[in-house]
Amino acid sequence: MIEISQSCIGCSKCVKACPFGAMHMEGKKAAADEKCTLCGACVQACPVQCISISRKDEVADLSAFKGVWVYIETSETASGEKFVKGVGHELLSAGRGLADTLGEELCAVLLGSGVEGLSGELASYGADKVYLADDAALNDYNTDLYATVLVAMISKYKPSVVLYPSTYVGRDIAPRIASELYVGLTADCTGLAIKEGNLLQTRPAFGGNIMADILSPKTRPQMATVRPNVLKKNAPDSSRTAQVVRETFSLDAKSARVKLVERKRNENVCGGKIDEASIIVSGGRGMKDAAGFAVIQELADTLGGAVGASRAAVDMGLKPKANQVGQSGTTVCPKLYIAAGISGAVQHIVGMSASDVIVAINKDPNAPIFNVAKYALVGDAHQILPRVTEAVKKAKGC
Amino acid sequence: MKIAVCIKQVPDSTQVKVDPKTGTLIRAGVPSILNPYDHFALEAALALKEKNGGEVIVVSMGPSQAKSVIRLAQALGADTGILLCDRVFAGSDTWATAYALSRALRKIGKLDLIICGQMAIDGDTAQTGPAVAQMLHLPQITFCEKIDVRNRTLRAKKHIDDGFEVLEATLPVLCTMTMPHDYKPKYPSFPAVARSEAKPFELWTAQDVGAEEQYCGLNGSPTRVDRVYAPPQRKPGAVINGSAAELADRLVEILKKECFVK
């Protein structure tokens, strides 16, 4: 229910703010008609806080909520071409399994400007439907505009599950929406399953020292942000198609209260981006100095991989933060992870333990990194790795 | 300028261990600290006060022991401390925490800026800040590294996945702060600690801030913890010993066997 109190001053800001044309003036007071979706844009626009939305009675019937939704985050190349971030493929693959278990549809939610061409790719990763809001005002991510659109779409179609990537954007918007809708939201999940019809959300807490399974049994949709590079993506099936459902809004980019002044993307992260690399050679405190990291770099270059670093190595200034693997850095999931001179603090292990093959090299036979390694080499990486680099170069014939 | 900083007392997660048998946290002997992100947020607020004048109010929700982090914040320069402390808040998830905090912030009133740490190191959710912003219908800028205010316009440098953005908004705004990886929190001098004892401190209950019980604590929280357990251990693999030359040979064999080198 939307309520407008007597303290309305008749400024009509809410009329301009409403993306659905549902607000109008009756005499000197604002009023909402049946087009209202309870999106809350007017509540934000009102200078005297006279508009309130109460939802508590509307979520009683959980069976009315159906469908697994995945919020698709896009980015753009240096030449301005939009693309779906890799985590979207992971979420659609995981969402496909959840939707099949529930016997419901898997839907991708795509917001942006000039993004319709990405629908086919979303279908190939399992989406049955693509809800599309393609609008010039949505060209750049903006909390206010994106939240307004998503809240309206969720209120209209009532999905049972909404998944977001646990990226800077996902973590900015998801709590805003959960709070607006008064629904449960679980942060930074590393596992998802269905338990008795509810979404079972697994996440690490206390810096990865402990795992927790979380349910949101009484509210819908059940929402979660999911860490990139943890869930496995399926192979795309280009024969699949999805129904595209276009949603139109009359959005005014000027109503966004936060303005973008400047954006700078790091084009060249030292030694390649670790979040998408299939081979990572990582160094820790044990590599001691720049010369130690030169050994790491050379092996990574020879194998065609990227260089990672433990927090200790980053703190020692041996590598920039962009190369840090772990809880406070980047979670990675390469096919091969070589950890050299890394003892294996739990914060590091949660960031790389999903890698397919882990090789650890450490002088200390009791180093915790050996607990997750498929191959545990007890020795000095400074002496071992240059020999490996030479042998690999020889094997490759260069 | 009137600035509120939301802070939390947390166990020092770098010292938390898990009981391998029961899967529960061993908290005994683990010191409580001011959440480091909140510490950084407080320093950002104090720097703005230094530059633009005004006052800094710290707000925390927690048990009565949490008074110690409020006193620490006051010793560092915060003017007023408020502790939301009530049994009905127990078991709050991020939604219910944000609800209680937003009620308290509303009661303080006329705030120009609310600053939160991006997340608490015990929960790592980063959800409470944006949830508070929504409940107060404020614009938000999350994961800020640096903030500055000039003529009622806030300019923030914030992190994005592959770089940074500079954003602007007119006050009032809510910001959440990330921190540099080499951040070392400042601690107050002894005389500053002594002086902080005289600064205003208030204890507020749910009733004081007009928080409705149905939205508070465990009952008001949409999420439920189903189970807590120690992280699953990956099965340890083969331990290989030998000279550097032997180990290098073995590693090359492994790379060939796993098809990373052909």
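Residues numbered from 1 in each chain as written. Chains lettered and ligands numbered in written order. Predicted model: local features only at pLDDT ≥ 70, side-chain atom pairs only at ≥ 80, totals over all residues.

A. How the structure looks around the overall build of chain A. Each helix and strand in chain A was counted, giving ten helices and 22 strands. Across its three principal axes, chain A shows a C-alpha extent of roughly 85 × 45 × 45 Å. Per-residue burial for chain A yields a buried fraction of 55% across its 398 residues. Pairs at least 24 residues apart make up 64% of the contacts formed inside chain A by residues separated by at least 6 positions. (Helix = DSSP H or I, 4+ residues; strand = E, 2+ residues; numbered from the N terminus. Buried ≥ 20, exposed ≤ 12 C-beta atoms within 10 Å, placed from the backbone. Contact = placed C-beta atoms within 7 Å.)

B. Highlighting the overall build of chain B. Helix and strand counts for chain B stand at seven helices and 15 strands. Taking all 262 residues of chain B together, the buried fraction comes to 47%. Across chain B, the fraction of contacts at a sequence separation of at least 24, relative to all contacts at a separation of at least 6, is 68%.

C. Region of the structure containing the interface of chain A and chain B. Between chain A and chain B, the residue contacts involve 75 residues of the former and 68 residues of the latter. In terms of residue class, the side of chain A that touches chain B is made up of 39 nonpolar, 17 polar and 19 charged. With five bridges connecting them, strand β14 (residues 210–215) of chain A and strand β14 (residues 224–229) of chain B associate as antiparallel partners. For A:A212, the partnering residue across the bridge sits in β14(B) and is B:V228. (Nonpolar A, V, L, I, M, F, W, Y, C, P; charged D, E, K, R; others polar. Pairing = 2+ DSSP bridges.)

D. Spotlight on the sheet that holds β14(B). Ordered by their spatial adjacency, four strands build an open sheet running β12(A)-β13(A)-β14(A)-β14(B), and the pairing between neighbours is antiparallel. Here the strands that pair on one side only, and so sit at the sheet edges, are β12 (191–195) of chain A together with β14 of chain B. For this sheet, the mean angle separating the axes of adjacent strands, direction not counted, is 25 degrees. (Axes fitted to C-alpha atoms, helices over the stretch in contact; angles between N-to-C directions.)

E. Representation of the domain arrangement of chain A. Domain boundaries in chain A define domain 1 (2–54), domain 2 (62–255) and domain 3 (274–396). Computed over C-alpha atoms only, the centres of domain 1 of chain A and domain 3 of chain A are separated by 56 Å. (Domains from an automatic or database assignment.)

F. How the structure looks around the nonpolar core. Ranked by size, the top nonpolar core spans 206 residues in total, and within it A:V109, A:L122, A:V359, B:V5 and B:I115 carry the most contacts. The element contributing the most residues to this core is helix α5 (residues 143–157) of chain A, with nine residues. For B:V5, the contacting residues outside a window of four places in its chain are B:A41, B:L42, B:A45, B:V56, B:V58, B:A78 and B:I115. (Core = buried A, V, L, I, M, F, W, Y, C linked by C-beta atoms within 7 Å.)

G. Broad picture of the environment of B:H159. Tracing the chain through its elements places B:H159 in strand β10 (residues 153–160). Distance in space between the C-alpha atoms of B:H159 and B:E145 is 7.0 Å, their sequence separation being 14 residues. Excluding its chain neighbours within four sequence positions, the residues that come into contact with B:H159 are A:Y168, B:F143, B:E145, B:F164 and B:T178.

H. Here's a closer look at unusual backbone geometry. Put simply, A:R220 and A:P221 share a cis peptide bond, and its omega is -5 degrees. Relative to the elements of secondary structure, A:P221 occurs in the loop between β14 and β15 (222–226). Going from B:L171 to B:P172, the amide bond is cis rather than trans, its omega being 0 degrees. Positionally, B:P172 belongs in the loop between β11 (163–170) and β12 (173–177). Within the chain, A:N229 stands out as a residue other than glycine whose phi angle is a positive 65 degrees. Relative to the elements of secondary structure, A:N229 occurs in the loop between β15 and β16 (243–246).

I. Molecular detail of the sheet that holds β15(A). Residues and elements named next belong to chain A. Pairing within the open sheet is parallel, and its seven strands lie in the order β11-β15-β10-β5-β8-β9-β16. Two strands lie at the open edges of the sheet, namely β11 (185–189) and β16, each paired on one side alone. Direction aside, the axes of adjacent strands within the sheet are offset by 20 degrees on average. Together, β5 (68–72), β8 (106–112), β10 (161–165) and β15 form the strand contacts of helix α3 (residues 86–102), whose direction differs from that of β5 by roughly 175 degrees. Relative to β8, α5 is tilted by about 150 degrees, and along the sheet it contacts β8, β9 (129–134) and β10.

J. Region of interest: the environment of A:I296. Residue and element names in this part refer to chain A. Among the structural elements, I296 can be located in helix α7 (residues 290–303). Along the backbone, I296 and I338 are 42 residues apart, and their C-alpha atoms lie at a distance of 9.5 Å. Setting aside residues up to four positions removed in sequence, I296 forms contacts with V281, G283, M287, V307, A340 and L385.

K. Helix α2 (residues 67–75) of chain B, seen in detail. Where α2(B) is concerned, the buried positions are B:V69, B:I70, B:L72, B:A73, B:Q74 and B:A75. One or two positions beyond α2(B), positive phi appears at B:G77, with a value near 135 degrees.

L. Focus on helix α1 (residues 36–52) of chain B. Residue and element names in this part refer to chain B. Here α1 contains 17 residues, and its C-alpha end-to-end distance of 24 Å stays within 8% of the 24 Å for a straight helix at 1.5 Å per residue. Y37, D38, H39, F40, A41, L42, A44, A45 and L48 are the residues of α1 that are buried. Of the residues trailing α1, G53 is marked for its positive phi of about 75 degrees. (Expected span 1.5 Å × (residues − 1).)

M. Fine view of the environment of A:A99. Residue and element names in this part refer to chain A. Summarising the element assignment, A99 is placed in helix α3. Judged by the 25 C-beta atoms lying within 10 Å of it, A99 falls in the buried class. Taking the C-alpha atoms as reference points, A99 and K273, separated by 174 residues in sequence, lie 32 Å from one another. When near neighbours in sequence (up to four residues on either side) are disregarded, A99 contacts V68, E104, E105 and L106.

N. Local environment of the pairing of strand β21 (residues 357–362) of chain A. Residues and elements named next belong to chain A. Of all six residues that make up β21, six are buried, and the element is covered over most of its length. Residue alternation in β21 divides its side chains into two sets, V357, V359 and I361 and I358, A360 and N362, and both sets are buried. By the bridge criterion, five bridges tie strand β20 (residues 336–340) to β21 in an arrangement that is parallel. Each bridged residue has a counterpart across the sheet, and for A339 the counterpart in β21 is A360.

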